[in-house]
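Residue-level structure breakdown
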Amino acid sequence: MAGMGDGYVGTAQDAVRIRRLEKQREAERRKIQELKNKTASSKDQPGLLQFGSSTSEILETAFKKETVGLVTREEYVEKRVNIRSKIEEEEKEKLQKLQQEEEELQLQKLKKRKIKVDPRLSFSDDFENDNEEEEEENKEKESGRLGQRKFGKDPSVETSFLPDSEREAEEQAERERLRRQWLREQEQIKNETLEITYSYWDGTGHRRVIQVRKGDAIGEFLRAVQQQLSPEFREVRTTSVENLLYVKEDLIIPHQYSFYELIINKARGKSGPLFHFDVHEDVRTIADATIEKDESHAGKVVERHWYEKNKHIFPASRWEIYDPTKKWERYTIHGD
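Residues numbered from 1 in each chain as written. Predicted model: local features only at pLDDT ≥ 70, side-chain atom pairs only at ≥ 80, totals over all residues. Heavy atoms only, no water.

**Observations concerning the overall build of the protein**
In terms of regular secondary structure, the protein is built from nine helices and six strands. The proportion of buried residues among the 336 residues of the protein is 25%. For the protein, long-range pairs separated by at least 24 residues make up 53% of all intrachain contacts whose partners lie at least 6 apart in sequence. In the structure as shown, the protein presents an accessible area of about 24600 Å², 50% of it carried by carbon and sulfur atoms. (Helix = DSSP H or I, 4+ residues; strand = E, 2+ residues; numbered from the N terminus. Buried < 20%, exposed > 50% of the residue type's maximum accessible area, 1.4 Å probe, protein only. Contact = heavy atoms within 4.5 Å. Areas by Shrake-Rupley, 256 points an atom, 1.4 Å probe, with all protein chains shown as cover.)

**A closer look at the nonpolar core**
The tendency in soluble globular proteins is for nonpolar side chains to be buried side by side. Of all hydrophobic cores here, the largest spans 26 residues; its most connected members are Ile196, Phe221, Tyr246, Ile253 and Phe259. Those elements giving two or more residues to this core turn out to be strand 1 (193-201), strand 2 (205-213), helix 6 (218-229), strand 3 (244-248) and helix 8 (259-264). Excluding residues that lie within four positions of it along the chain, Ile196 makes contacts with Arg208, Val209, Ile210, Val212, Phe221, Tyr246, Phe259 and Phe277. Trp201, Val247, Trp306 and Ala316 belong to the second largest nonpolar core, which has nine residues in total. (Core = buried A, V, L, I, M, F, W, Y, C linked by side-chain atoms within 4.5 Å.)

**Some points on the pattern of salt bridges**
Opposite charge on two side chains permits pairing when their charged atoms draw close. Per the counting criterion, the structure on display carries 13 salt bridges. Among the salt bridges present, the one from Arg17 reaches Asp14, with a minimum N-O distance of 3.1 Å. With Arg17 and Asp14 both in helix 1 (residues 12-40) and three residues apart, this pair spans about one turn of that helix. By relative accessible area, Arg17 is classed as partly exposed at 35%. Glu320 is paired through a salt bridge with Lys326; the nearest N and O atoms lie 3.3 Å apart. Here the residues in one salt-bridge network are Glu176, Arg179 and Arg180, joined through shared partners. (Salt bridge = Lys/Arg side-chain N within 4 Å of Asp/Glu carboxyl O.)

**Observations regarding the pairing of strand 1**
In terms of burial, strand 1 is a largely internal element, seven of the nine residues being buried. Taken together, the nine bridges between strand 1 and strand 2 define a ladder with antiparallel strand orientation. Each bridged residue has a counterpart across the sheet, and for Tyr200 the counterpart in strand 2 is His206. What sits between strand 1 and strand 2 in their antiparallel hairpin is a turn of three residues, with Gly203 showing a positive phi close to 110°. (Pairing = 2+ DSSP bridges.)

**With respect to the environment of Ser240**
Tracing the sequence through the fold places Ser240 in the loop between helix 7 (234-238) and strand 3. Once the C-alpha coordinates of Ser240 and Gln226 are considered, the two residues, 14 residues apart in sequence, prove to be 8.5 Å apart.

**Points about helix 6**
Between its first and last C-alpha atoms helix 6 spans 16 Å; for 12 residues at 1.5 Å apiece the expected length is 16 Å, and the two agree. Considered for burial, the residues of helix 6 that qualify are Ile218, Gly219, Phe221, Leu222, Val225, Gln226 and Leu229. One side of helix 6 holds all its buried residues, which, seen down the axis, span an arc of 155°. For helix 6, the elements touching its buried residues are strand 1, strand 2, helix 7, strand 3, helix 8 and strand 5 (299-303). (Expected span 1.5 Å × (residues − 1). Arc of directions from axis to C-beta.)

**Digging into the packing of aromatic side chains**
Applying the stated criterion across every chain, the model contains eight aromatic pairs. Relative to Phe259, the ring of Tyr246 has its centre 6.5 Å away and its plane inclined at 70°; by these criteria the two rings are edge-to-face. One end of the pair, Tyr246, is in strand 3; the other, Phe259, is in helix 8, and 13 residues separate them in sequence. A relative accessible area of 0% places Phe259 in the buried class. Positioned above the aromatic ring of Trp201, the side-chain terminus of Lys300 is 5.4 Å from the ring centre. (Phe/Tyr/Trp six-rings, centres within 6.5 Å; stacked < 30°, edge-to-face > 60°. Lys NZ or Arg CZ within 6 Å of the ring centre and 35° of its normal.)

**Things to note about the sheet that holds strand 4 (residues 251-252)**
Pairing within the open sheet is mixed, and its six strands lie in the order 2-1-5-3-4-6. Of all the strands in the sheet, just strand 2 and strand 6 (320-321) have a single pairing partner and so form its edges. Here helix 6 sits on the sheet and contacts strand 1, strand 2, strand 3 and strand 5; the angle it forms with strand 2, its principal contact strand, is near 125°. (Axes fitted to C-alpha atoms, helices over the stretch in contact; angles between N-to-C directions.)

**A short note on unusual backbone geometry**
Residue Pro315 is bonded to the preceding Phe314 through a cis peptide linkage, with omega at 5°. Inspection of the secondary structure puts Pro315 in the loop between helix 9 (304-310) and strand 6. Phi angles above zero are rare outside glycine, and Glu249 is one such case at about 50°. Note that Glu249 resides in the loop between strand 3 and strand 4.

**Some points on the side chain of Lys214**
Mapped onto the elements of the fold, Lys214 is located in the loop between strand 2 and helix 6. Engagement of the side chain of Lys214 in a polar contact is seen with the side chain of Glu192, the distance being 2.9 Å. If we skip the residues at most four places from it in the chain, Lys214 touches Ile189, Lys190, Glu192, Thr193, Leu194, Phe259, Tyr260 and Ile263. (Polar contact = N/O pair within 3.5 Å; in protein donor to acceptor, adjacent residues only side chain to side chain.)

**Digging into the confidence of the model for the protein**
Do not read the predicted coordinates in detail wherever pLDDT is low. Residues at a pLDDT of 70 or more form 68% of the protein, whose mean pLDDT is 76. Low confidence marks residues 46-52, where pLDDT is under 50. Its contacts with residues over four positions away, or in another chain, come to 16 contacts. In the predicted structure, residues 282-290 sits below a pLDDT of 50 and forms 16 contacts with residues beyond four places in sequence or in another chain. (pLDDT = per-residue confidence, 0-100.)

**As for a negative patch on the surface**
Together, Glu28, Glu102, Glu103 and Glu104 line one region of the surface with negative charge. With three residues, the top contributor of residues to the negative patch is helix 3 (residues 73-114). Tracing the backbone shows Glu103 in helix 3. By relative accessible area, Glu103 is classed as exposed at 55%. (Patch = residues over 30% accessible without salt bridge, like charges linked within 9 Å, V, L, I, M, F, W, Y side chains within 5 Å. Lys, Arg positive; Asp, Glu negative; His and termini not counted. Charge placed at Lys NZ, Arg CZ, Asp CG, Glu CD.)

This is how it looks when you write it as C-alpha cells:
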C-alpha cells in the first residue's frame, strides 16, 4: 500500500483513513501543479507576483521596480510598507481560493457516495473506488455492533438437555447442601448411645452390659471393657487393649472397625447379624425356611493368649477374622 511501510501496524479503520488522506494530498498536488502551469506563461510579464518565488524575493523585485532613481527616506519606507501589504493581501486571497476549491471537492465526493448504483450495470465500476472507503468504514461499524449484540433464548424451545452454566451451578450447590445435611445426620447417629451386652470368655462366660457411642471403634469399646473388668479379673488388668479380642457371631472383629460401620452396612456373621448388640432369640413357632432367623447372641471378649491356646477347641475352632467382602449364608429355623 502506498505511503505505508512494511513495519506498519494498525487497524483496518486506520488503513482506510490513511488512503483517504493520501487521495486528498494527491488532489492538492494536482491543483498546485495546474496553478504552476498557469502562472509559468505569465512569469516574464511585469507584475508583483511570480509563482514559485518566495515572499522575500517577490518583495525585493517589486520594491526595486518602484524605487528606481533617487527617493527620500519617507518615500522609501512608505513604498516598502505598501508593497508588503499588497503582497500579503494577494496571498490571503490565494489561500482562500484554495480552501474554497477543497470544500467544493469534498462536497462532490459526498454527493457521489450518496448515489446508489445497481451492481448489475456495466458502468458501476466507475463508482467502486469512490465508495470503497465508505463501505469499509460501514463494515467496521457493523461488525462492532454485531459483536456487542446479544441474542436471547426462545422460551418455547426445550433446552434442558443443553449445557447451562447457571443450572449446573445451582445443581452443584444443591448437591453440596444435601451432602452437608447428610454428614450432619450421620454425626448425630454416631453420637447416639449404644448398649452392648457382652460376655468375658475364659472358658466360661461372665456376662456384662456396657454403653458406648455408635461411632466408637472396636478398640475403644475394648478399652472401656478393660476398665470395667480390671477390678475383677487380674489377667485383664495386666494385659493391653491390643491383646483383647471381640468375637461376634463367630467372627473376630478387627479393632479399626466401628459399630456405626457394622450397623449401616447391615453386616452379618456366621450365626447371626453383626448390627444387633443385645441378646434375643427367635421365638417363632412355625418354621419357614424362606424367612431369615431373628437371633442375636452376646459377643465375647477374649484375651489373645487364651485364644491361641484353645483355638483348636470348640467354640474357638469356629472363629475366624471378619471380612466385609465375604457373604455368609443366611441362617434359618429348621423344622423339628
